[in-house]
Amino acid sequence: MNIIINNIMQNPPILIGLVALIGLLLQKKGISELVKGTLTASFGMVALTEGVNMLTGVISPINTAFQKSLGVTSSNSLNDVTFTAKFGGEVGLAMFLGLIIHLIIARFTPIKTIFLTGHMLWWFPFVIVAGGVEGGLNGWKLIVFSAILSALYWSIMPWLMRKFVWAATKDESFLIGHPTGILSLLSGFVAKHLGNKEHSTENINIPKKLSFFREISVTGSIVIFLMYVIVSFIIPSLPGKKNLLFNSINQGLTFAAGLLILLYGVRLLINQIIPAFQGISEKLIPNAKPAFDVPVLFNYKPNAVLVGFITAMITSTILVIFSDSFHIFHIMLVPLVITSFFECGGAAIVGEGQGGLRGSILGTASAAILMVILVGFSGTMFGSTIQNWILIFGGNDLSLMGIISKILASWL
């Protein structure tokens, strides 16, 4: 079990390569295509993962600095390492059983999702088990409960998002399996009713002298440079403050490089895994669709990602300050930098697909409001388990499923 969970399920390049290999074998491809397709799909996932790690490495220090400056700690709350040490067995078994239920749902129901975002196959049972513990469940009841809820999420949420994703990408070959779900659904709904498709984020009129802003890597590096400069003046504990200018430049350059690597990995992954996946779709689970990590979307509407990031950061930070000032949730919240980029970046792309530039901005602003509400309520509910973790990585479907699991477990 440990070998399967640690070395395959939580190892995205191996998981994706294995899926590609199975798909190609089912299509009876020759040895040359088997080797090339399997390895190239894995290469794409490695590049995508490293790109994400670079982006997260740039964003995380800002998040940590906010956390330290606001003193967000709780002596009663466990961190992810402590909680995993105590309940890792339950999480692993829930994940394994949940995957079996998930595949059964895909095979025998109209919901044809195959969830392939490796690390999220762990984090959802992790949060749902925590909710079950908070609600008073334990033992086999906790495992079965968490497995069923995890399987339902992996199957249903990507399927609910499919039309919004397909409208944004004009590509119906894949789904999105990522905690952006509820935020993207709200963004798409708001953008559909308030947006304007005639004015796209990808066709913004920019003077010729400023045409470099059309490159997401250039614009991203400038945004991160300015963010580090501004945050350095607000928060003394931000790393690199003594060499503010050069540290900010380096962080901007690293962010841009991470974006380029990520987008290259996305192209490799899509070009290899989609054709290979046809074997699984034709032979094992008819009409199945693979659900990928949200950065797969970034290649389709790159400008929308940055529009969403900026909109989400401004909106959510104002709300966090308001919440902390008036003690609305009775816990200290921190600006959700990571969620603002990844989850709200996805929500911005969905909003752009429904309502252009205006839809992207209004949709993401609505998503950012919901993000703060979700992290506030979930942080309050997880006071004795993973409160600190959810305050940093929540505000998305992880918070949503945590809230649902706590409520259901308490009722049970």
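Above: the structure in question.
The present account deals with the structure reproduced in this document.

1. A short note on the overall build of the chain
Item 1. A tally of helices and strands in the chain yields 14 helices and 3 strands.
Item 2. Taking 22 Å as the expected radius of gyration for a compact globule of 412 residues, we find that the chain reaches 21 Å, a close match to that expectation.
Item 3. Each principal axis of the C-alpha distribution contributes one length, and for the chain these read about 60 × 55 × 45 Å.
Item 4. Among the 412 residues that make up the chain, the fraction classed as buried is 57%.
Item 5. When the accessible surface of the chain is summed, it comes to about 17500 Å², and 67% of that surface belongs to carbon and sulfur atoms.
Item 6. Of the charged side chains in the chain, 24 are positive and 16 negative, and the gap between their average positions amounts to 4 Å.

2. What to know about the side chain of Asp293
Item 1. Among the secondary structure elements, Asp293 is positioned in the loop between strand E3 (289-292) and helix H10 (295-298).
Item 2. There is no salt bridge for the buried Asp293, and the closest opposite charge comes from Arg267, which lies 16 Å off by N-O distance.
Item 3. Contact partners of Asp293, with chain neighbours within four places excluded, come to Leu48, Thr117, His119, Ile176, Gly177 and His178.

3. Examining helix H5 (residues 120-135)
Item 1. Along its 16 residues, H5 runs 22 Å from first to last C-alpha, staying within 8% of the 22 Å computed at 1.5 Å per residue.
Item 2. Within H5, 14 of the 16 residues are buried, which leaves the element mostly enclosed by the surrounding structure.

4. Some thoughts on the sheet that holds E3
Item 1. Read across the open sheet, the 3 strands follow the order E1-E3-E2; overall the sheet is parallel. Pairing within the sheet leaves two strands with one partner each, and these edge strands are strand E1 (113-115) and strand E2 (175-176).
Item 2. Relative to E3, E2 runs parallel, the two sharing 2 bridges. Directly across from Ile176, in E3, lies its bridge partner Phe292.

5. Details of the pairing of E3
Item 1. Relative to E3, E1 runs parallel, the two sharing 3 bridges. From the neighbouring strand, Ile114 faces E3, where its bridge partner is Pro290.

6. A few points about the pattern of salt bridges
Item 1. This structure, assessed with the given rule, holds 1 salt bridge.
Item 2. Glu352 serves as the salt-bridge partner of Lys301, at 3.1 Å between the closest nitrogen and oxygen. Of this pair, Lys301 sits in the loop between H10 and helix H11 (302-326) while Glu352 sits in helix H12 (residues 337-381), and the two are 51 residues apart along the sequence. Neither Lys301 nor Glu352 differs from the other in exposure class; each is buried.

7. Brief notes about the nonpolar core
Item 1. In this structure, Phe292, Phe298 and Phe341 are the most contacted members of the largest nonpolar core, which totals 102 residues.
Item 2. Top element by residues in this core is helix H6 (residues 139-169). It accounts for 13 residues.
Item 3. Every residue in contact with Phe298, bar those within four places of it in the chain, is listed here: Leu262, Leu263, Val305, Phe341, Phe342, Gly345, Gly346 and Ile349.
Item 4. Grouped together as the second largest cluster of nonpolar side chains are 18 residues, Leu333, Ala368, Leu370 and Met371 included.

8. Side note on the packing of helix H1 (residues 2-9) against helix H2 (residues 12-26)
What describes two packed helices is the angle between their axes and the distance between those same axes.
Item 1. Viewed as axis vectors pointing N to C, H1 and H2 meet at an angle of 90 degrees, and their least axial separation amounts to 6 Å. Accordingly, the angle class assigned to the pair H1 and H2 is roughly perpendicular. Taken together, the residues of H2 that come into contact with H1 (itself represented by Asn7, Ile8 and Met9) are Ile14, Leu15 and Leu18.
Item 2. A breakdown of the residues in the contact of H1 with H2 according to their chemical character gives 5 nonpolar, 1 polar and no charged.

9. Re the packing of H6 against H12
Item 1. Contact geometry for H6 and H12: axes closest at 8 Å, N-to-C directions at 70 degrees. Considering the angle they form, H6 stands roughly perpendicular to H12. From H6, Phe164, Ala167 and Ala168 reach across to H12, where they touch Ile349, Val350, Gly353 and Gln354.
Item 2. In the contact of H6 with H12, the residues fall into 5 nonpolar, 2 polar and no charged.

10. Let's talk about the side chain of Ser146
Item 1. Summarising the element assignment, Ser146 is placed in helix H6.
Item 2. Overall, Ser146 belongs to the buried group, its relative accessible area being 0%.
Item 3. Once you skip the residues sitting within four places of it in the chain, Ser146 turns out to touch Ala94, Ile128 and Val129.

11. A word on the packing of aromatic side chains
Item 1. Enumeration over the complete set of coordinates arrives at 17 aromatic pairs.
Item 2. Pairing Phe115 with Trp154 gives two aromatic rings, centres 6.2 Å apart and planes at 40 degrees, and the pair type is tilted. Note that Phe115 is positioned in strand E1 and Trp154 in helix H6, a separation of 39 residues in sequence.
Item 3. What links up through ring pairs into an aromatic cluster is the set Phe83, Phe87, Trp123, Phe126, Trp389 and Phe393.
Item 4. The lysine or arginine in question, Arg107, covers the ring of Phe108, its NZ or CZ lying 5.3 Å from the ring centre.

12. What to know about the environment of Leu262
Item 1. With respect to the element layout, Leu262 can be found in helix H9 (residues 244-283).
Item 2. Note: C-alpha distance between Leu262 and Leu412 (150 residues apart in sequence) is 43 Å.
Item 3. Setting aside residues no more than four positions away along its own chain, Leu262 makes contact with Ala47, Leu48, Gly51, Val52, Leu55, Pro295 and Phe298.

Cut-offs used in this document
Residues numbered from 1 in each chain as written. Predicted model: local features only at pLDDT ≥ 70, side-chain atom pairs only at ≥ 80, totals over all residues. Heavy atoms only, no water. Helix = DSSP H or I, 4+ residues; strand = E, 2+ residues; numbered from the N terminus. Rg over C-alpha atoms; globule rule 2.2 N^0.38 Å. Buried < 20%, exposed > 50% of the residue type's maximum accessible area, 1.4 Å probe, protein only. Areas by Shrake-Rupley, 256 points an atom, 1.4 Å probe, with all protein chains shown as cover. Lys, Arg positive; Asp, Glu negative; His and termini not counted. Charge placed at Lys NZ, Arg CZ, Asp CG, Glu CD. Salt bridge = Lys/Arg side-chain N within 4 Å of Asp/Glu carboxyl O. Contact = heavy atoms within 4.5 Å. Expected span 1.5 Å × (residues − 1). Pairing = 2+ DSSP bridges. Core = buried A, V, L, I, M, F, W, Y, C linked by side-chain atoms within 4.5 Å. Axes fitted to C-alpha atoms, helices over the stretch in contact; angles between N-to-C directions. Parallel < 35°, antiparallel > 145°, perpendicular 65-115°, else oblique. Nonpolar A, V, L, I, M, F, W, Y, C, P; charged D, E, K, R; others polar. Phe/Tyr/Trp six-rings, centres within 6.5 Å; stacked < 30°, edge-to-face > 60°. Lys NZ or Arg CZ within 6 Å of the ring centre and 35° of its normal.

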